[in-house]
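Secondary and tertiary structure notes
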Amino acid sequence: MIPFPAFEPDKSAYKVLAGDTLLNCLPTTDGWGPMPEFTALSDALGAACRGLTAYKATDGTLTVIAGTATDLYKLNTSTSPYSWDNVSKSAAAYSVPSGDAWCFTVFGDYLIAHTLGDVPQFISLSSGSAFADLAGSPPTAKYSRVVGDFLVFGHLDGEPNKVSWSGLNDSEFWTLGQRFADEQLFPTGGEVQAIVPIGLGAIIVQRDAMQNMQFNAASTYAFSFSNANSARGAISGESVIEVGPGRFFFLSEQGFFAGVEGMPIGAERVDRFLFDNIDLDFLPEVLGVADPYNKIAWWKFITTDGTARLLGYDWQLDRWCFSDQDLQAGGGIATPGITLDGLDNLYADIDSIPVSLDSRIFRGGRPVFAIIDSDGKLSFMAATNKSATLRTADLELSPGRWTAVHSGFVTTDCTAFTVTASVANFHGDSFTDKSASTPSTRTGRLAFRANGRLHRFTMTTTAAASWDHALGIDLDFEPGGWG
């Protein structure tokens with residue numbers, strides 16, 4: 001069997017186990033599986049989404065918050081479709097700078113939201129109805145995280161290479177030198193791009209380096225700092241994706257890496273592909289989001305022709321994937337529970353429900369990969385499958401000779417697909433596509449008339465086709481004359 005290979009476009013097109021055309025399918029242990037479509041459950045936001053988060057209130061209620069350049073919104077699940085209630089401190093109260101986005105951090109009973117353009121905001125998880133200015137004169141900053149018992153801001157307005165932290169267990173106390181509140185300026189390494197908590201400390205990710213932020217109970221400064229990695233940092237703060245305590249992935253000037261050690265995960269696999277295809281003007285805006293259900297870290301980038309694409313890294317299988325799905329924001333969000341009455345509000349009848357009734361999106365509290373799609377609607381990855389494309393490597397089936405391929409079988413449980421054979425006369429020659437072949441409904445056999453020195457085979461599944469795996473293709477062929 002000739003496998004549908006790993007998505008590793010940096011490698012040779014003639015390497016059987018690596019390929020550059022595997023679209024909208026997800027890695028499995030021994031092959032590929034389908035990538036679900038996204039089901040929209042809400043109205044569109046009034047403007048482009050610049051940040052998305054979700055939290056559980058003290059009563060267990062799930063709350064979804066989204067931000068635009070001027071406002072903050074709360075998802076209203078009592079309407080059909082779901083709608084967005086403005087929960088800004090006042091209408092159009094904010095001004096998010098170009099290239100910036102809302103950062104959300106839960107500290108105690110507060111959800112804190114902030115950008116470089118305004119005073120940090122907060123809303124009470126237990127009783128809040130609208131955001132308000134965070135008291136205590138906190139710094140204006142781009143990023144924040146909870147580190148131990150402190151709220152830590154990074155990339156401060158006018159001082160991007162500085163971090164500042166609150167008083168002990170008090171997000172509204174920022175008087176430096178008192179109650180352990182203080183700040184740290186990094187003279188080298190560039191601007192702060194992320195704060196990754198580890199135990200009572202954190203890793204401070206800069207553009208060109210990383211720092212250890214270590215809790216020091218014996219010091220009046222609360223934290224001490226030391227170099228963690230002087231050779232590598234993140235090119236984009238939004239590209240840093242946390243997937244566990246101290247475990248994260250990021251994009252640097254040299255490609256994709258994992259953790260503070262900077263272990264390469266994209267070298268000779270997808271790094272060159274990204275830098276060859278990305279619009280470099282948008283390089284600092286590469287957006288990373290985690291799909292906790294499928295264990296995939298996704299990075300959205302803009303290509304040189306202006307289209308959005310996703311590169312995905314399966315951190316359990318150490319494999320890459322690729323999609324043409326667009327999004328404005330995303331992440332793992334527990335779904336609001338939907339009752340039978342709620343289904344009646346969302347859909348006209350049972351036939352119009354685009355997913356199975358046992359789907360995760362109808363089970364409250366289940367983690368699902370959610371996005372704000374290109375239309376500004378909250379959507380969950382739980383619908384029917386997207387159309388997928390899987391292509392073999394460029395094959396010399398009979399080394400040095402022409403080969404006539406007559407038929408074949410795909411190892412898959414999909415029944416709604418076609419396979420196109422393509423041929424070339426020599427290495428480096430352009431491929432010519434033959435007519436697409438549909439499997440026999442009786443035997444599953446594919447008929448080909450493909451004579452050439454090199455062959456490749458492209459499987460295309462039908463949108464909404466039901467399937468779980470596709471491994472590769474077996475061929476019936478005979479050698480011909482010498483090339």
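About the criteria used
- Residues numbered from 1 in each chain as written.
- Predicted model: local features only at pLDDT ≥ 70, side-chain atom pairs only at ≥ 80, totals over all residues.
- Heavy atoms only, no water.
- Helix = DSSP H or I, 4+ residues; strand = E, 2+ residues; numbered from the N terminus.
- Rg over C-alpha atoms; globule rule 2.2 N^0.38 Å.
- Buried < 20%, exposed > 50% of the residue type's maximum accessible area, 1.4 Å probe, protein only.
- Contact = heavy atoms within 4.5 Å.
- Areas by Shrake-Rupley, 256 points an atom, 1.4 Å probe, with all protein chains shown as cover.
- Lys, Arg positive; Asp, Glu negative; His and termini not counted.
- Charge placed at Lys NZ, Arg CZ, Asp CG, Glu CD.
- Salt bridge = Lys/Arg side-chain N within 4 Å of Asp/Glu carboxyl O.
- Pairing = 2+ DSSP bridges.
- Axes fitted to C-alpha atoms, helices over the stretch in contact; angles between N-to-C directions.
- Polar contact = N/O pair within 3.5 Å; in protein donor to acceptor, adjacent residues only side chain to side chain.
- Phe/Tyr/Trp six-rings, centres within 6.5 Å; stacked < 30°, edge-to-face > 60°.
- Lys NZ or Arg CZ within 6 Å of the ring centre and 35° of its normal.

Moving on, we get to the overall build of the protein chain. Summing up its helical and strand segments, the protein chain has two helices and 41 strands in all. Against the globule reference of 23 Å for 483 residues, the protein chain gives a C-alpha radius of gyration of 25 Å, in line with a compact fold. Counting every position in the protein chain, which comprises 483 residues, the buried fraction comes to 53%. In the protein chain, 58% of the contacts between residues at least 6 apart in sequence involve partners at least 24 apart. Per element, the accessible surface of the protein chain, about 20,200 Å² overall, is 48% carbon and sulfur. Put simply, the protein chain has 32 plus and 54 minus side-chain charges, and the middle of one group is 7 Å from the middle of the other.

Once that is clear, we can look at the pattern of salt bridges. Going through the model one piece at a time under the given rule, you end up with 15 salt bridges. Here Arg145 and Glu242 are joined by a salt bridge, their closest N and O atoms 2.1 Å apart. Taken together, the residues Arg145 in strand E16 (residues 141-147) and Glu242 in strand E24 (residues 241-244) connect sequence positions 97 residues apart. In this structure Glu242 comes out as partly exposed when scored by relative accessible area, which is 31%. Taking the shortest distance from any N to any O, the salt bridge between Arg445 and Asp476 comes out at 2.7 Å. Of this pair, Arg445 sits in the loop between strand E38 (432-433) and strand E39 (446-452) while Asp476 sits in strand E41 (residues 470-482), and the two are 31 residues apart along the sequence. We classify Asp476 as partly exposed; its relative accessible area is 33%.

Right, let's get into the sheet that holds E16. Strands sit in the order E16-E17-E18-E19 across an open sheet of four strands; the sheet is antiparallel. Looking at which strands have only one partner, the edges of the open sheet turn out to be E16 and strand E19 (182-185). Across the sheet, the mean angle from the axis of one strand to that of its neighbour is 20°, orientation sign disregarded. Pairing geometry for strand E17 (residues 150-156) and strand E18 (residues 159-165), over four bridges, is antiparallel. Within E18, the residue paired with Leu156 across the bridge is Glu159.

Mapped onto the elements of the fold, Ser164 is located in strand E18. Engagement of the side chain of Ser164 in a polar contact is seen with the backbone oxygen of Asp182, the distance being 3.4 Å.

Our focus in this paragraph is the packing of aromatic side chains. For any pair of aromatic rings, the description consists of the separation of the ring centres together with the inter-plane angle of the planes. Enumeration according to the criterion identifies 23 aromatic pairs in this entry. Seen in terms of ring centroids, Phe38 and Phe369 are 5.7 Å apart; in terms of plane orientation they differ by 65°. Their pairing is edge-to-face. On the criterion of sequence distance, the pair formed by Phe38 in strand E7 (residues 36-44) and Phe369 in strand E33 (residues 367-372) is long-range, its members being 331 residues apart. Comparing Phe38 with Phe369, the two get one shared label, buried. With centroids separated by 5.0 Å and ring planes inclined at 50°, the aromatic side chains of Phe256 and Trp320 adopt a geometry described as tilted. Taken together, the residues Phe256 in strand E26 (residues 255-258) and Trp320 in strand E31 (residues 319-323) connect sequence positions 64 residues apart. In terms of burial, Phe256 and Trp320 fall into one category: buried. Taken together, Phe150, Trp165, Phe186, Phe215, Phe223 and Phe225 form an aromatic cluster joined through their ring pairs. Taking the ring centre of Phe257 as reference, the NZ or CZ of Arg232 above it sits at 3.9 Å. One Lys or Arg, Arg456, reaches over the ring of Phe431 and ends 4.1 Å from the middle of that ring.

Along the chain, Ser88 falls in the loop between strand E11 (83-86) and strand E12 (103-107). Separated by 3.0 Å, the side chains of Ser88 and Asp71 make a polar contact. Within the structure, the side chain of Ser88 is placed 2.8 Å from the side chain of Asn86, a separation counted as a polar contact. Apart from the residues within four sequence positions on either side, Ser88 is in contact with Thr70, Asp71, Leu72, Tyr94, Ala130 and Phe131.

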